[in-house]
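Observations on the model geometry
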Amino acid sequence: MRRRGKLEDGCRAVPLRTCVGCRDRTVKSELLRLVVVEDVIVPDVRGRLPGRGASLHPSPRCLELAERRRALPRAFRAQGSLDTSLLRDHLEGLTPGRSG
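The structure contained in this document is the topic of the report that follows. Computed from a predicted structure; not experimentally measured. (Residues numbered from 1 in each chain as written. Predicted model: local features only at pLDDT ≥ 70, side-chain atom pairs only at ≥ 80, totals over all residues. Heavy atoms only, no water.)

With respect to the overall build of the protein chain
- Scanning the protein chain from terminus to terminus reveals three helices and six strands.
- Its helices and strands in sequence order give the protein chain the pattern β-β-β-β-β-β-α-α-α, from N to C terminus.
- Buried positions account for 32% of the 100 residues belonging to the protein chain.
- By sequence separation, contacts in the protein chain at least 24 residues apart represent 48% of the contacts at least 6 residues apart. (Helix = DSSP H or I, 4+ residues; strand = E, 2+ residues; numbered from the N terminus. Buried < 20%, exposed > 50% of the residue type's maximum accessible area, 1.4 Å probe, protein only. Contact = heavy atoms within 4.5 Å.)

Okay, structure coming up:
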């Protein structure tokens, strides 16, 4: 059986996305949508912001992989570098067991 952009989940087909960090394909609901607003990468928690989006597992590890591979500017088709500080702060806030 070939996958064609959707994964069979019981009787329902669910959309798949690829994490720009680890490159794993998984269901859309497990990934965080990202958009660029004025050269800053913003987490789109509600999935409603306009513009080209990219998907990332909500973990600092996948963000580090994406930065090392220079995948974020490529995913957004952006020239130059993008600011990831807001995204990094958001992901660190989601990390369980974080002292603070």
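Next comes the rest of the description.
Describing the layout of surface pockets
- Looking at the largest pocket, its volume works out to about 230 Å³.
- Taken together, Arg 17, Lys 28, Leu 31, Leu 32, Arg 33, Asp 44, Val 45, Arg 46, Gly 47, Gly 53, Ala 54 and Ser 55 make up the lining of the largest pocket.
- Going through the elements one at a time, β4 (32-37) and β6 (53-56) are the ones with two or more residues in the lining of the largest pocket.
- The element that contributes the greatest number of residues to the lining of the largest pocket is β6, accounting for three residues.
- For the lining of the largest pocket, the class distribution of residues is four nonpolar, three polar and five charged.
- In this model, the second largest pocket occupies a volume close to 160 Å³.
- Lining the second largest pocket, in full, are Thr 18, Val 20, Arg 23, Arg 52, Gly 53, Ala 54, Ser 55, Arg 69, Ala 71, Arg 74 and Ala 75.
- Contributing elements (two or more residues each) for the lining of the second largest pocket: β6 and α2 (71-76).
- Class assignment for the residues of the lining of the second largest pocket results in four nonpolar, three polar and four charged. (1 Å grid on protein atoms, 1.4 Å probe; cavity = no way out; pocket = protein on both sides within 12 Å on 5 of 7 lines; lining within 4 Å. Points joined across faces, edges and corners; volume = space filled by probe spheres on them. Nonpolar A, V, L, I, M, F, W, Y, C, P; charged D, E, K, R; others polar.)

As for the environment of Cys 22
- On the secondary structure map, Cys 22 appears in the loop between β2 (12-18) and β3 (25-27).
- For Cys 22 and Ala 66, which are 44 residues apart along the polypeptide, the C-alpha to C-alpha distance reads 7.3 Å.
- Other than its neighbours up to four places away in sequence, Cys 22 contacts His 57, Cys 62 and Leu 65.

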